[in-house]
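Residue-level listing of the chains:
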Amino acid sequence: MAGNSQQAVSILTNIARVALTLGLGTTAINSALYTVDGGEKAVLFDRFRGVLEETAGEGTHFLIPWLQKPYIFDIRTRPHQFSSVSGTKDLQMVNLTLRVLSRPDEAKLPTIFQHLGTEYDEKVLPSIGNEVLKSVVAQFNADQLLTERPRVSALVRDSLIKSFFRYVIGYIDLDPSSFVRGFGTQCLGVSDLIGIRFSFWLAGIGLYRFDVIVAKDFNIMLDDVAITHLSYGNEFSKAVEQKQVAQQEAERSRYVVMKSEQEKRAAVIRAEGESEAAKLISEATASAGMGLIELRKIEAMKENAATMARSPHVTYVPGAMSMIMGMPTAGR
C-alpha cells in the first residue's frame, strides 16, 4: 500500500514538473514572439544598440526577451482635423477646420520614433497646421476664402509640405550680435524647432554658446489637405446681411426709376402719335372735305345701336305713332 502511494506521488510530481516546464517554455516562446497586424510596422528598441534601423513588416517575428521591445506604428493613411480662428487680410475673424490625410514615411520610422515617438502626428500636425493655416488665411480677404477656396486649400497643402523639411544646425559657438547679423529673421521660426536647448555661459568676453537641436524633417507624407468648415464672426455675418439688403433695395430703386423712365417715354411716344394722327386727319379733312368725319360718326352710331339692341333693358318707342299703353288705374 505504501509502495502504491509513493508511486502515485512520483507520477504526480513528474506531471507537475512536465507542466511547469511546458508552462515556462510556452511563456518564454510567447515572450520571444510578437505580431504585426496588417497596415502596421514595428520598430525594435535594443537595450544595448538603441533603436534598430531595420523595421519589421506584417506577420509574426522573433525578438530577444527583456533585451528588445517592439513599438508598433500604423502606416495607413489617417485623417486629422483641427480648428483655428484666423484673421484675414481685411481684419475679419474666421473659424476654419482643416482636414489632413497623413501617413508616416515607412523608410524613416526609426527616425520618427527617435525624435517624435509613436504619437508623432499629434505632436506635429496641430502646431504646424495652425501656423500654416493662419499664415495662408492672412493673405486673403474674407470674401475670397469662399470664391477661391480650392486655391486656399492648395496653398495650405504646399505650405505644410514645405514646413515638413528642416535642416540640421547642430552646435554653434558665436556672439549673439553676430548671430543676429549673420542669420537675421530668416534663421529660425517657431515651427522650425522641435526642441530647443539654449545654454549660455561666458567663455570669454562676448562669447556665448547656442545649443540648438533641430529635426532634419518630420518624415510625414500628406495625401490630401482640405478645408471642411468655414464660418465667419457675428459682425461679418451681420455686415454681409446688411449688404445684401442694401443691394436688394438698390435694385428695387433702380427698377422703379427704369419703370418711371419707360412710362415717361411711352407717354411721349403716345402724345407724338396722337399729334401726328390729328395732323393727318386735319390734312385729310382740308383736302377731301368732312366726309371722313361723317363716316366715323356713322360707324360710331352703328356700334352704339348694336350695343343697345343687345341690351334687354332698352325699349324702342316709335316717335310718329301714338301708342295706347295699358296702365293700371287707381281704383282697381
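Parameters at a glance
- Residue numbers restart at each chain and count upward from 1, following the sequence in its written direction.
- Predicted model: local features are reported for residues with pLDDT of at least 70 only, side-chain atom pairs are reported and counted for 80 or more only, and whole-chain, interface and lining totals are derived from all residues.
- With hydrogens and water excluded, all non-hydrogen atoms of the structure serve as input to the side-chain values.
- The pairing criterion for strands is at least two bridges between them, as found by DSSP.
- For helices the rule is a DSSP run of H or I covering at least 4 residues; for strands it is a run of E covering at least 2, with both sets numbered from the N terminus onward.
- Every angle, taken between N-to-C directions, lies between 0 and 180 degrees, and every axis is a line fitted to C-alpha atoms, over only the stretch in contact when it is a helix.
- With respect to orientation, any angle under 35 degrees is reported as roughly parallel, any angle over 145 as roughly antiparallel, any angle of 65 to 115 as roughly perpendicular, and every other angle as oblique.
- Put simply, a crossing is left-handed when the front helix is turned counterclockwise from the back one by less than a right angle, and right-handed when it is turned clockwise.
- Two residues qualify as a contact provided that any one of their heavy atoms is within 4.5 Å of a heavy atom in the partner residue.
- Residue classes follow a fixed rule: Ala, Val, Leu, Ile, Met, Phe, Trp, Tyr, Cys and Pro count as nonpolar, while Asp, Glu, Lys and Arg count as charged, and any other residue, Gly among them, counts as polar.
- Any carboxyl oxygen of Asp or Glu within 4 Å of a side-chain nitrogen of Lys or Arg constitutes a salt bridge here.
- Relative accessibility decides the category of a residue: with a 1.4 Å probe and only protein chains considered, values under 20% of the type maximum give buried, values over 50% give exposed, and everything between is partly exposed.
- For this count, His and the chain ends are skipped, Lys and Arg are scored as positive, and Asp and Glu as negative.
- Take the residue count of a helix, subtract one, and multiply by 1.5 Å to get its expected span.
- In this description, one arc is meant: the one made by directions from the helix axis to the C-beta atoms.
- Put simply, buried Ala, Val, Leu, Ile, Met, Phe, Trp, Tyr and Cys residues joined by side-chain atoms within 4.5 Å make one nonpolar core.
- Like charges within 9 Å and nonpolar side chains (Val, Leu, Ile, Met, Phe, Trp, Tyr) within 5 Å are joined into patches, using only residues over 30% in relative accessible area that form no salt bridge.
- Note on areas: these come from Shrake-Rupley sampling with a 1.4 Å probe, and a residue is covered only by the protein chains present in the view.
- Centres within 6.5 Å make a pair out of two Phe, Tyr or Trp rings, where for Trp the six-membered ring is used; the pair is then stacked when the planes are under 30 degrees apart, edge-to-face when over 60, and tilted otherwise.
- Charge-over-ring placement is defined geometrically: NZ (Lys) or CZ (Arg) within 6 Å of the ring centre, and within 35 degrees of the ring normal.

### Focus: the sheet that holds strand S11 (residues 220-232)
Step number 1: Taken together, three strands build an open sheet; the order of strands is S6-S7-S11 and the sheet is antiparallel. With partners counted over all chains shown, the strands left at the sheet margins are strand S6 (78-87) and S11, one partner each. Strand after strand, the sheet turns through a mean of 20° between neighbouring axes, direction not considered.
Step number 2: Taken together, the ten bridges between S6 and strand S7 (residues 93-104) define a ladder with antiparallel strand orientation.

### Some details on the pairing of strand S3 (residues 50-56)
Step number 1: Sheet topology note: the strand S2 (residues 40-46)/S3 ladder contains four bridges and is antiparallel. Note on S3: the bridge partner recorded for Phe45 is Val51.
Step number 2: What sits between the antiparallel neighbours S2 and S3 is a turn of three residues.

### Some remarks on the packing of helix H3 (residues 120-137) against helix H5 (residues 149-163)
Step number 1: Across the interface, H3 lies against H5 with an axial gap of 9 Å and an inter-helix angle of 135°. Judged on the interaxial angle alone, H5 and H3 are oblique. The two elements H3 and H5 meet at a crossing, and its hand is right-handed. Here Ile128, Gly129, Val132, Leu133 and Val136 of H3 come into contact with H5, specifically with Val152, Leu155, Val156, Ser159, Leu160 and Ser163.
Step number 2: Taken together, the residues of the contact of H3 with H5 break down into eight nonpolar, three polar and no charged.

### Re the pattern of salt bridges
Step number 1: Overall, the coordinates contain seven salt bridges when judged by the stated rule.
Step number 2: In this structure, the salt-bridge partner of Arg151 is Glu148, at a minimum N-O distance of 2.9 Å.
Step number 3: We classify Glu148 as partly exposed; its relative accessible area is 23%.

### Side note on the side chain of Glu40
Step number 1: One can find Glu40 in strand S2.
Step number 2: Buried charge without a salt bridge: Glu40, with Arg76 as the nearest opposite-charge side chain at an N-O distance of 4.5 Å.
Step number 3: Beyond its immediate stretch of four places on either side in the chain, Glu40 contacts Gly57, Glu58, Ile72, Phe73, Asp74 and Ile75.

### With respect to H3
Step number 1: Helix length check: H3 (18 residues) gives 26 Å between terminal C-alpha atoms against 26 Å at 1.5 Å per residue, within 8%.
Step number 2: Tyr120, Asp121, Val124, Leu125, Ile128, Gly129, Val132, Leu133, Val136 and Val137 are the residues of H3 that are buried. Projected down its long axis, H3 carries its buried residues within an arc of 150°, all on one side.

### Concerning the environment of Ala138
Step number 1: For Ala138, the location among the structural elements is in the loop between H3 and helix H4 (144-147).
Step number 2: Each C-alpha atom of the pair Ala138 and Asp90 lies 8.4 Å from the other, and the pair is 48 residues apart in sequence.
Step number 3: Excluding residues that lie within four positions of it along the chain, Ala138 makes contacts with Gly87, Thr88 and Lys89.

### Considering the nonpolar core
Step number 1: By size, the foremost hydrophobic cluster in this structure holds 35 residues, and its most contacted members are Leu98, Leu145, Val156 and Leu160.
Step number 2: Every element with two or more residues in this core is listed here: S7, helix H2 (109-115), H3, H5 and S11.
Step number 3: Broken down by element, the residue count for this core peaks at eight residues, all from H3.
Step number 4: Sequence-distant contacts of Leu145, that is, excluding residues within four places in its chain, are made with Thr88, Val94, Val137, Phe140, Val152, Leu230 and Tyr232.
Step number 5: If you look at the next biggest cluster of nonpolar residues, it comprises seven residues, including Val36, Leu44, Leu52 and Ala56.

### A word on a nonpolar patch on the surface
Step number 1: On the surface, Ile11, Leu12 and Ile15 cluster together into a nonpolar patch covering about 300 Å² of accessible area.
Step number 2: Take Ile15: it is sitting in helix H1 (residues 2-31).

### What about the packing of aromatic side chains?
Step number 1: Under the criterion given, the structure shown has three aromatic pairs.
Step number 2: Aromatic pair Phe73 and Phe113: ring centres 6.3 Å apart, planes at 85°, arrangement edge-to-face. With Phe73 in strand S5 (residues 68-74) and Phe113 in helix H2, the pair connects residues that are 40 residues apart, well separated along the chain. The residues Phe73 and Phe113 share a single accessibility class, namely buried.
Step number 3: When the ring centre of Trp66 is taken as origin, the NZ or CZ atom of Arg47, which lies over that ring, is 4.7 Å away.

### Some points on unusual backbone geometry
Step number 1: Its identity as a non-glycine residue notwithstanding, Leu91 has a phi of 65°, on the positive side.
Step number 2: Considering the arrangement of structural elements, one finds Leu91 in the loop between S6 and S7.
Step number 3: Among the residues examined, Leu91 registers a relative accessible area of 75% and is labelled exposed.
Step number 4: Within the chain, Asn219 stands out as a residue other than glycine whose phi angle is a positive 55°.
Step number 5: Here Asn219 falls in the buried class, since its relative accessible area comes to 7%.

### Things to note about the sheet that holds S2
Step number 1: Across the sheet, which stays open at both edges, the three strands sit in the order S3-S2-S5 with antiparallel pairing between neighbours. Looking at which strands have only one partner, the edges of the open sheet turn out to be S3 and S5. Ignoring strand direction, the axes of neighbouring strands in this sheet form an average angle of 30°.

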